[in-house]
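# Structural characterization, general
As a plain string of letters, each chain reads:
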Amino acid sequence: MAWVLAGSGRRRGYAVHVMTSEANSIDLTQPQGPVLVVGGAGYIGSHCVALLQRRGVEVAVFDDLSTGHAEAISAPLVVGSLGDREAIAAALEAHRPSAVIHFAAKCYVGESVTDPAIYYRENVHYTWNLLEEMRAASVSDIVFSSTCATYGEPREVPIPDDHPQDPINPYGRTKLHMEHMMRDYSRAYGMRYAALRYFNAAGAATAGGIGEDHSPETHLIPLVLEVALGQREKIMVFGDDYETRDGTCIRDYIHVDDLGDAHLRALAHLQAGRGDLECHLGTGNGFTVMEIIEAAREITGQAIPAEVVARREGDPAMLVAGGSRAFDVLGWRPARGDVRDVIRDAW
Ligand code: UDP
């Protein structure tokens, strides 16, 4: 099985993990023991925290609140930066997690091009800080946010899980460095990791209460809904001359609660000793920009004026998840796989 990159072994600082036959019957919806969610006050992190709590898992959050929102979570919060090794060590000491879920990262492609130093510092260096402190505290398991941007310009679409990784911008490159670090730490020190490569995260908690709030907002679905709310005059469509069914870009929009569910399953998978995992998280369904706008018009009942403008630099025509590693390995299925549900929840 190609996806099992490391399993058990004699590793410094960590318990030896042995694949057992019970692993096959483990409940993959349920992590074992307390979890420290790094970046847990952010968009995807806060949804994952709520899901962990609904499943009865003890959770603490480590977040610098640079973009996250304390009011989005009701869990113990350590306000600290991953640039501060002592703060990380103190959080691990105070909460003694069985595992870490790591969402904290910079995630804007354009900014990564104009100011890559921030991305190398916060995504690569800070993740190294986290791994080192986890190693010192003998916390071996980590699930973290990677991205389909690590694939670069896709050579085939739908994109298989084992598509070559050749990112075309600093953001994607720093995420790939994070993956490589985990892989090397797994081999050398017995760290167990799951790298989950998201397609387009969207939507808001099905249970209500929290949603997406970026400043400035750059993502299509929240921007379209801001137009519907009258907070913005119109939506700019970045190019209609792509080789797609209506000329606008196709993306695979995955519900944020479905992402959270995949993280919990990935963690249970690691804790069952089933080996490291690298896979992407998407629905396998692609929608054009115009189809998203049209669906939003139907759902909101608002006109949502749109204007076609020039292409945005660095946007591939089509990004859609192929492959089924997350389905096969984690038994994961997007529960909100219809993009109309995603838009409805966001609305
Ligand atoms: N997009 C657009 N207008 C906007 C924002 C986004 O046409 O104001 C398009 C963008 O070109 C891409 C898709 O919507 O094809 C999704 O973009 P988003 O920024 O939400 O996510 P990304 O694909 O960049 O991760």
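Thresholds applied
Residues numbered from 1 in each chain as written. Predicted model: local features only at pLDDT ≥ 70, side-chain atom pairs only at ≥ 80, totals over all residues. Heavy atoms only, no water. Near = heavy atom within 4 Å. Polar contact = N/O pair within 3.5 Å; in protein donor to acceptor, adjacent residues only side chain to side chain. Areas by Shrake-Rupley, 256 points an atom, 1.4 Å probe, with all protein chains shown as cover. Helix = DSSP H or I, 4+ residues; strand = E, 2+ residues; numbered from the N terminus. Nonpolar A, V, L, I, M, F, W, Y, C, P; charged D, E, K, R; others polar. Salt bridge = Lys/Arg side-chain N within 4 Å of Asp/Glu carboxyl O. Buried < 20%, exposed > 50% of the residue type's maximum accessible area, 1.4 Å probe, protein only. Contact = heavy atoms within 4.5 Å.

## Remarks on the site of the ligand
Contacts to the ligand come from 15 residues, most closely from Leu220, Met236, Arg251, Arg312 and Asp315. Between the ligand and the protein, one listed contact pairs an oxygen atom with a side-chain N or O atom of arginine 251 at 2.9 Å. Within the side chain of arginine 312, one N or O atom sits 2.7 Å away from an oxygen atom of the ligand. Coverage of the ligand by the protein chains reaches 86% of its 510 Å² of free accessible surface. At the level of secondary structure, the elements contributing two or more residues to the shell around the ligand comprise α6 (220–228) and β8 (235–238). If you tally residues by element for the shell around the ligand, the top one is β8, at 4 residues. A class-by-class count of the residues in the shell around the ligand yields 9 nonpolar, 3 polar and 3 charged.

## Notes on the pattern of salt bridges
Summed over all chains, the structure comprises 22 salt bridges. Its salt-bridge partner being glutamate 133, residue arginine 85 comes within 2.6 Å of it at the nearest N-O pair. Here the residue arginine 85 occupies a position in helix α2 (residues 85–95), and glutamate 133 occupies one in helix α4 (residues 116–136), the gap between them amounting to 48 residues. Using a relative accessible area of 31% as the deciding quantity, one classes arginine 85 as partly exposed. With a relative accessible area of 11%, glutamate 133 lands in the buried category. Close ionic contact of aspartate 261 with arginine 265 constitutes a salt bridge, the shortest N to O distance being 3.0 Å.

## Comments concerning the side chain of histidine 255
Relative to the elements of secondary structure, histidine 255 occurs in strand β10 (residues 253–255). Every residue in contact with histidine 255, bar those within four places of it in the chain, is listed here: Ala202, Gly203, Ala204, Thr206, Arg336, Val342 and Asp345.

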